[in-house]
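# Chain and residue survey
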Amino acid sequence: MNFSGTHILSVKQFTRADIERIFEVAGRMESYAERRKITRVMEGAILGNMFFEPSTRTRVSFGCAFNLLGGQVREITDVKSSSITKGESLYDTARVISGYSDVIVMRHPQSGSVSEFAKASRVPVINGGDGTNEHPSQALLDLYTISKELRSNDRNIDGMHIAMVGDLKHGRTVHSLSQLLLLYENIRFTLISPTELCMPESIVSDLRTAGHQVHETDDMESGLSDNDTVYLTRIQEERFDSKLEAAIYRGRFRLNQAIYTRHCQPNTVIMHPLPRDSRKEANELDNDLNQHPSLAIFRQADNGVVVRMALFALVLDVVQLVEESARDVTWHTKGRFEKNIPLQSQQN
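The structure presented is a predicted model; accordingly, all values stated were derived computationally and were not measured.

Conventions we followed
- Residues numbered from 1 in each chain as written.
- Predicted model: local features only at pLDDT ≥ 70, side-chain atom pairs only at ≥ 80, totals over all residues.
- Heavy atoms only, no water.
- Helix = DSSP H or I, 4+ residues; strand = E, 2+ residues; numbered from the N terminus.
- Buried < 20%, exposed > 50% of the residue type's maximum accessible area, 1.4 Å probe, protein only.
- Areas by Shrake-Rupley, 256 points an atom, 1.4 Å probe, with all protein chains shown as cover.
- Pairing = 2+ DSSP bridges.
- Axes fitted to C-alpha atoms, helices over the stretch in contact; angles between N-to-C directions.
- Core = buried A, V, L, I, M, F, W, Y, C linked by side-chain atoms within 4.5 Å.
- Contact = heavy atoms within 4.5 Å.
- Parallel < 35°, antiparallel > 145°, perpendicular 65-115°, else oblique.
- Left-handed = near helix turned anticlockwise from the far one by under 90°.
- Nonpolar A, V, L, I, M, F, W, Y, C, P; charged D, E, K, R; others polar.
- Right-handed = clockwise from strand over helix to strand, strands pointing away.
- Expected span 1.5 Å × (residues − 1).

## Overview of the overall build of the protein
- Helix and strand content of the protein: twelve helices and eleven strands.
- Every one of the 348 residues in the protein was classed for burial, and the buried ones make up 56%.
- Carbon and sulfur atoms make up 46% of the accessible area of the protein, which totals about 15300 Å².

Structure representation (structure tokens):
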């Protein structure tokens, strides 16, 4: 695809070559994300960061990515602070905000809303998550993380085994990641969830049609064996009709040190899109794994910055100009990112 000036709304718009291009650019952004170098290639550019649902990592990392490229960020972080509460349409909002911005990132609770917004926007729009539908940049950073973690153990995405655990019905992160993995070959999926929260049948059908193996189960411990990666998700409380309904499933599937040691293969990568629900009644990913070398959740979060930097650089067509305005940092950061190295390097 020609990224320049393009909306990034769905993982379905990417080919495998597109993914490889994004990852190649993301790799070139690591020295800037780790604050070893500075670039001001987007000096004067403005990002409109519009988040109509709560967000920490996605909102902050998009803003951080744009700042690291030299741009400025303007934010709306609550629908109550926007004119939408006065009855303004997405069309009118898009026409106005796109006049103030060079690129827009939008999160919205309704599926399809970001695509509707993009139709009226005068600048590129990146989907920061629309309801239970998609979260394309999260899927990209997840796949980038999987690629790096597996490569450190001499493995590849093609032919890998991955377990997805938790609320697979409402989890847009696993929906988008599954759709991206359609571009790869011979993957074995183990989908672990309560029957009521299983992966949508349309996605399961797409995976099988693409030649992947799919096993669905509600038995977490048996499903954890023989995987390269375990990807956990929290119960998406905000997608249920009531908190009481969500509470029925909270805490059903938990991973801790004892379960990992007993059922997972050595070096099985542990991933989670965050936030993990650390309340006692949930605790789907226990703190006793915090120092485990296979826990990739914080490397995963760090990778969100470089992937989002890559998307901005590609969409605004400045990839070849990034290094022209580069210089060394003037402050001390040595050791700050030393834990962000692949597992094999840590072991060596």
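Moving on from the model shown.
## Examining the sheet that holds strand β9 (residues 229-232)
- Pairing is parallel in the open sheet, where five strands are placed in the order β8-β7-β6-β9-β10. The two strands at the open ends of the sheet, each matched to only one other strand, are β8 (213-217) and β10 (269-271). Within this sheet the neighbouring strands show an average axis-to-axis angle of 15 degrees, counted without direction.
- Relative to β9, strand β6 (residues 161-165) runs parallel, the two sharing four bridges.

## Describing the environment of Glu196
- Along the chain, Glu196 falls in the loop between β7 (188-192) and α7 (201-209).
- Residue classification places Glu196 among the partly exposed positions, given a relative accessible area of 47%.
- Sequence separation between Glu196 and Asp167 is 29 residues, and the spatial gap between their C-alpha atoms is 9.0 Å.

## Let's talk about the nonpolar core
- Counting 67 residues, the largest nonpolar core has Met164, Leu181 and Phe312 as its most contacted members.
- The biggest single contributor to this core is helix α11 (residues 297-315), with ten residues.
- Residues in contact with Leu181, not counting those within four places in the same chain, are Leu143, Ile157, Met160, Met164, Ile187, Phe189 and His212.
- Listed in part, the 18 residues of the second largest apolar core include Ala163, Val165, Val230 and Leu289.

## Regarding the packing of helix α6 (residues 172-181) against α7
- It is the contact of α6 with α7, at a shortest axis distance of 10 Å, that shows an interaxial angle of 20 degrees. When the axes of α6 and α7 are compared, the pair comes out roughly parallel. Viewed along their axes, α6 and α7 form a crossing whose handedness is left-handed. On the side of α6, the interface is formed by His175, Ser178 and Gln179, while α7 contributes Ile203, Asp206 and Leu207.
- When its residues are assigned to classes, the contact of α6 with α7 shows two nonpolar, three polar and one charged.

## Quick look at the sheet that holds strand β3 (residues 72-76)
- Taken in spatial order, the four strands make up an open sheet running β3-β2-β4-β5, and their pairing is parallel. Two strands lie at the open edges of the sheet, namely β3 and β5 (125-130), each paired on one side alone. Direction aside, the axes of adjacent strands within the sheet are offset by 15 degrees on average.
- Pairing of strand β2 (residues 46-51) with β3, which is carried by five bridges, proceeds in the parallel orientation. Bridged to Leu47 within β3 is Val73.
- The sheet contacts of helix α2 (residues 57-68) involve β2, β3, β4 (103-108) and β5, and relative to β2 the element is tilted by about 180 degrees.
- Against the sheet, helix α4 (residues 113-120) contacts β2, β4 and β5, and its axis sits at roughly 160 degrees relative to β5.

## Here's the deal with the pairing of β8
- Sheet topology places β7 next to β8; five bridges connect them, and they run parallel. Across the sheet, residue Phe189 finds its bridge partner in β8, namely Val214.
- Considered for its hand, the β-α-β crossover made up of β7, α7 and β8 is right-handed.

## Concerning α2
- Given a rise of 1.5 Å per residue, twelve residues ought to cover 16 Å, and the 16 Å separating the end C-alpha atoms of α2 matches this to within 8%.
- Looking only at α2, the buried set comprises Thr58, Ser61, Phe62, Gly63, Ala65, Phe66 and Leu68.
- Gly70 sits one or two positions beyond α2 and adopts a positive phi of about 100 degrees.

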